[in-house]
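One letter stands for each residue in the lines below.
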Amino acid sequence: MPGEIHALLGQNGSGKSTFIKVASGYHKPDAGSSLYLDGESVELPVSQNFLKKFGLTYVHQDLGLIDTLTVAENIRIGLMQGRGLFRCVNWRHEREAAKETLESLGCGLDTQTLVEDLTPVDRAYVALARALQGRIEGRGILLLDEATRSLPADAALVVHQAVRDVARDGGSVLLVTHRLDEVLELADRVTILRDGRTVVSSLPIDMGMTSRDLASLMLGHDLQDMEGTGTVRMSPQIGSSRDNIVIKNVSGEHLKNVSLSVSSGEVVGVIGPAGSGFEELPYLLSGATKARSGSLTFDGKTLNLEDASYKEVLRSGVLLVPEERTKRGVELSLSITENISLPRLAQKSPFWLSNGWQQDDAHQVMDALKINNSDANVPVGILSGGNQQKVLVGKWALCQPRLLLLHEPTQGVDVGARRDLLRFVLDLASETKCGVVLVASEPEDLVIACDRILIARNGGLEVELRNNFTAETIIKAVHSGASDDEPATQHYAQNA
Amino acid sequence: MIGTNDEAKMPATTSNGVRQDVDGPSASGLRRHQATVFAERYGLLVIWALVILVFWVIKGSEFLQSATFKNIFASQTPLVFLSMALVVTFTVGEFDLSVAGTLGICSMIVAVLEVNDGWNIVAAIGASLVVAVLIGLVNALVVVRLGVDSIIATLGMSTLLLGLANSLTNGSPLGGVTTSIGPWTNHQLLGLPLAFYYGLVLTIVITYLMAFTPLGRHMLFVGKNREVARLAGVRVHRIRFGTYIAAALVAGVGGVLLVGITGGADPSVSLNYLLPAFAAVFLGTIVTMPGRFNAPGTFISIYFLTTGIVGLQILGVQPWISNVFFGGALIIAAVMSKAAASLKLSDTRPRSSSGNTSSQYKEVAANAR
């Protein structure tokens, strides 16, 4: 509707991004779908020309800027016009056009700067300016696909203001976001997706609505089920404090002086709002990314993360399961056996690589994780995403972990594989008495697997949830910070 | 020896294949699968045998003379060394175009120091191998330390070395190297020159290193995915660094052997060696271990290609045939290894879900009845 700000909500994998991609012409939709804009039926798949004609513009998740080009080039890309005899680009014209749009946003940025030199706030301005260029005054749609996801609060405010301006001028805005507070503040109406279906259609947002209401709508019936699974780990067998792994004053790009301690056999979940930098923790702790400061102490040894190499940390039993399995986790063209045996090669004789233990390892992992493929010698690439992820997690299991660091271990896997993976991590923790730090943006994962949950905020792990947490309380704590109605479940983790 | 290596590995993999195909009742499907595996791994050997047969039929006894075979086996050792240097660099995901240049300048250094400067031959060989290591070190520093693209860096190094090799004698070939090193390469053993066995030993050593040691597996992962290797605790930089030095050293030894075989050195020899080595290495990826750069496959490819060229020359075709042959082989090999890789994926895909497989086999069995 013209002049309306409409929010699209849903869990990961509920189909928000697919919807955006269809609407922006990136994906071809399945047969039988139809899309109406301004009362007219739109021919599918959506063409780029059409987008221009109707003034449908969007700001992508990662802003979609090209770092090595200037501000003006980024804003005018796709709109540059050749002029004169040789169809040259008139740079002065382009710069002025870019400058004008930026100034309309209240930003006096030099259009000649390279985008890579900009602060996050300025980058948000540039992305918005580009989207606003293609807009037709008073009509058209501005699509924001989690545009504030990686932005600090002040930059998010810029986006919010621009969104309000567009709506005031009569344009429509579709807001896709995870930030529930953002929805409550900005949106007029909300549509919620779950598993590819619309659960709530165009519900008007009124004053009395809380983020809690939205969270339960997003989760739906799953809420009850997940609580049930959560009680499985009510009484974990946590080792004595002597066996604690003490993490002190770890600082990186976003995190500042984070301290926590993980007991043997304990699974600690870490989550936070987008942009809080909680994803950094496993990489800093494993040494894969150099920490600015920090230390790890366990078994009477102290590792200084500022100067310990990744390999040193690895040798002491701190193992990392990274995100992006196809890029950094497993090699798809090599076999299951080869991928699983890789971390253990160094422990074996350097002069002879026998096949026996490799096959044993592979089958052990495949049995434990229910990788249902009887041949361990096929390339990992032919397995399903869930099985690939199992190979990634499983390859570390035989390396006697002391502290296992997992980042989004259930990324892009189906429900069954997710359960297998989390169950495996739990069993591993209680059997080998290793500590586990599970960093995930899926609250359900944390509910299933974790003994306690730490929530990152302002560069630190500020909120701790200890008992009876549910996906709902987690989402709420993440999106609203320390809430006041359940103080009993919250502790400050600094002195843990 | 190479044969035994492969056979040792072969039954293990096929028997695995058998074990998992058993749930499907069809024997014909099974046989077909084994046939594909065999064709995939040993097809080139069959083609090689056919090539020999064809030449034998056409030219009869002339082709089968021992002189012809000696010609085929004796002259290719420097190419074997060069190709093995490429096998290791390709495996770790690096390009080293300068190996041929290294071979060229090392052979020239031996000849010039010995003939023109009167050095003892052992000292001359030692000096040339030191130069080889230095070349590898410079490559490694530029590519691994400074992060320059390996194709660009080694292309530059290759041309630089060609120029320097020419500068040593103003471009003219140099003969008359002491006959004392001749026997080390040309002495006959079981009817073949010693040099041939050096190539064979090197092939076995590289095969062992790549397929049967943790280091070889680490190298494979470094080549396929550096980040996966690094996060598994593999010292990626060290392996890449070491590979450049090892490749240069192997190429340098190849240059020394070339002096032994020919009794002299030619500064522009590197031009004739680079492409054949590439052709052999790529052709090798479709033999014995399909889809991987491997030593035994490369070794077989070298002698396959040489057989073809020698045979055609006996038939009276002019020497230009070798360029046509190697160039064509490189393109065909690259196309085939690409096709084999995609075939492999689509071939194994249905097997990932057992339900599919058994129903497929049932279908096949029903058709057979």
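Asker: Just checking my understanding: could you explain the overall build of chain B for this structure?
Answerer: Across its full length, chain B holds 17 helices and two strands. Counting the 369 residues in chain B, one finds 44% classified as buried. Sequence-distant contacts in chain B: of pairs separated by 6 or more residues, those separated by 24 or more amount to 76%.

Asker: Help me understand the overall build of chain A in this model?
Answerer: In terms of regular secondary structure, chain A is built from 18 helices and 21 strands. In chain A, of all internal contacts separated by at least 6 residues, the share reaching a separation of at least 24 is 70%.

Asker: Even after reading the chapter, I still don't get the nonpolar core, so can you show me in this structure?
Answerer: One recurring pattern in soluble globular proteins: nonpolar side chains tend to sit buried together. Core analysis: the largest hydrophobic core is formed by 235 residues, its most contacted members being Leu175, Val425, Leu438 and Ile474 of chain A together with Leu82 of chain B. Apart from the residues within four sequence positions on either side, Leu175 of chain A is in contact with Ile5, His6, Ala7, Leu8, Leu144, Val163, Leu186 and Ala187 of chain A.

Asker: Could you clarify how one ought to interpret the interface of chain A and chain B in this entry?
Answerer: How big an interface is tends to be reported as the loss of accessible area on association of its parts. Each side of the interface is counted separately: chain A has 32 residues, and chain B has 25 residues. Among the secondary structure elements, those contributing two or more residues to the side of chain A that touches chain B are α11 (310–315) and α12 (325–329) of chain A. The element best represented in the side of chain A that touches chain B is α12 of chain A, accounting for three residues. The class makeup of the residues in the side of chain A that touches chain B is 18 nonpolar, seven polar and seven charged.

Asker: What am I meant to see in the sheet that holds strand β14 (residues 293–298) of chain A here?
Answerer: Strand pairing in a sheet relies on backbone hydrogen bonds. The paired strands run either parallel or antiparallel. All names here are of chain A. Taking strand neighbours across the sheet as the criterion, the four strands line up as β12-β11-β14-β15 in an open arrangement whose pairing is antiparallel. Each of the sheet's edge strands pairs with one partner strand only, and the pair in question is β12 (258–262) and β15 (301–304). Along the sheet, successive strands turn relative to each other by an average axial angle of 15°, direction set aside. Relative to β15, β14 runs antiparallel, the two sharing four bridges. For Thr297, the partnering residue across the bridge sits in β15 and is Thr302.

Asker: Sorry, what's going on with the packing of helix α10 (residues 194–212) of chain B against helix α11 (residues 214–224) of chain B here?
Answerer: Think of two packed helices as two axes; the pair is described by the angle between the axes and how far apart they sit. All names here are of chain B. Two elements in contact, α10 and α11, have axes whose closest approach is 5 Å; the angle formed by their N-to-C orientations is 70°. Looking at the two axes, α10 sits roughly perpendicular to α11. On the side of α10, the interface is formed by Leu209, Met210, Ala211 and Phe212, while α11 contributes Leu215, Gly216 and Met219. Among the residues making up the contact of α10 with α11, the classes are represented as six nonpolar, one polar and no charged.

Asker: Looking at this model, I keep getting lost on helix α14 (residues 355–368) of chain A. Mind explaining?
Answerer: In an α-helix there are 3.6 residues to a turn, and that puts residues three or four apart on one side. All names here are of chain A. Compared with an ideal rise of 1.5 Å per residue, which puts 14 residues at 20 Å, α14 spans 20 Å between its outermost C-alpha atoms and is within 8% of the ideal. Within the span of α14, buried status applies to Gln358, Asp361, Ala362, Val365 and Met366. The arc that holds the buried residues of α14, viewed along the axis, is 125°, so those residues lie on one side. When the buried face of α14 is taken as reference, the exposed residues oriented beyond 90 degrees from it are Gly356 and Asp367. Where α14 is buried, its residues meet α13 (336–341) and α15 (385–397). Just past α14, the residue Lys370 takes up positive phi, approximately 55°.

Asker: Explain the confidence of the model for chain B to me, please; I cannot follow it from the model alone.
Answerer: Regions with low pLDDT should not have their predicted coordinates read in detail. Residue and element names in this part refer to chain B. Residues with a pLDDT of 70 or more make up 80% of chain B, whose mean pLDDT is 79. The model gives residues 1–26 a pLDDT under 50, and that stretch makes 37 contacts with residues more than four places away or in other chains. Here residues 347–369 is a poorly scored stretch, pLDDT under 50, and it has 32 contacts once near neighbours within four places are set aside; other chains count. Here the predicted complex carries an ipTM of 0.74, next to a pTM of 0.72.

Asker: So what exactly am I meant to see when it comes to unusual backbone geometry here?
Answerer: Glycine aside, the phi torsion of most residues is negative, and most peptide linkages are trans. All names here are of chain A. One non-glycine residue, Gln400, adopts positive backbone phi at about 50°. With respect to the helices and strands, Gln400 occurs in the loop between α15 and β17 (403–407). A residue is classified by how many C-beta atoms lie within 10 Å of it, and Gln400, with 12 of them, is exposed. The backbone of Glu408 shows a phi angle near 45°, a positive value even though the residue is not glycine. Mapped onto the elements of the fold, Glu408 is located in the loop between β17 and α16 (415–432).

About the thresholds
- For every chain, the first residue of the written sequence is number 1, and numbering continues from 1 onward in sequence order.
- Each chain gets a letter, beginning with A, and each ligand a number, beginning with 1, in the order they are written.
- Predicted model: local features are reported for residues with pLDDT of at least 70 only, side-chain atom pairs are reported and counted for 80 or more only, and whole-chain, interface and lining totals are derived from all residues.
- Labels follow the DSSP assignment, with helices taken as runs of H or I lasting at least four residues and strands as runs of E lasting at least two, numbered in each case from the N terminus.
- Buried, partly exposed and exposed are defined by the number of other C-beta atoms within 10 Å of a residue's own C-beta, namely 20 or more, between the two limits, and 12 or fewer respectively, with C-beta atoms placed from the backbone.
- Remark: residues whose backbone-derived C-beta atoms lie within 7 Å of one another are considered to be in contact.
- By definition, a nonpolar core groups buried Ala, Val, Leu, Ile, Met, Phe, Trp, Tyr and Cys residues that are joined through C-beta atoms within 7 Å.
- For this scheme, ten residues count as nonpolar: Ala, Val, Leu, Ile, Met, Phe, Trp, Tyr, Cys and Pro. Four count as charged, namely Asp, Glu, Lys and Arg, and the remainder, Gly too, count as polar.
- Any two strands with at least two DSSP bridges between them are considered paired.
- Simply put, an axis is a line fit to the C-alpha atoms, just over the touching stretch for a helix, and the angle between two N-to-C directions goes from 0 to 180 degrees.
- Any angle between 65 and 115 degrees counts as roughly perpendicular, while under 35 counts as roughly parallel, over 145 as roughly antiparallel, and the rest as oblique.
- The span one expects for a helix is its residue count, reduced by one, times 1.5 Å.
- It is the directions from the helix axis to the C-beta atoms that the arc portrays.
- What pLDDT expresses is the predictor's confidence in each residue, scored from 0 to 100.

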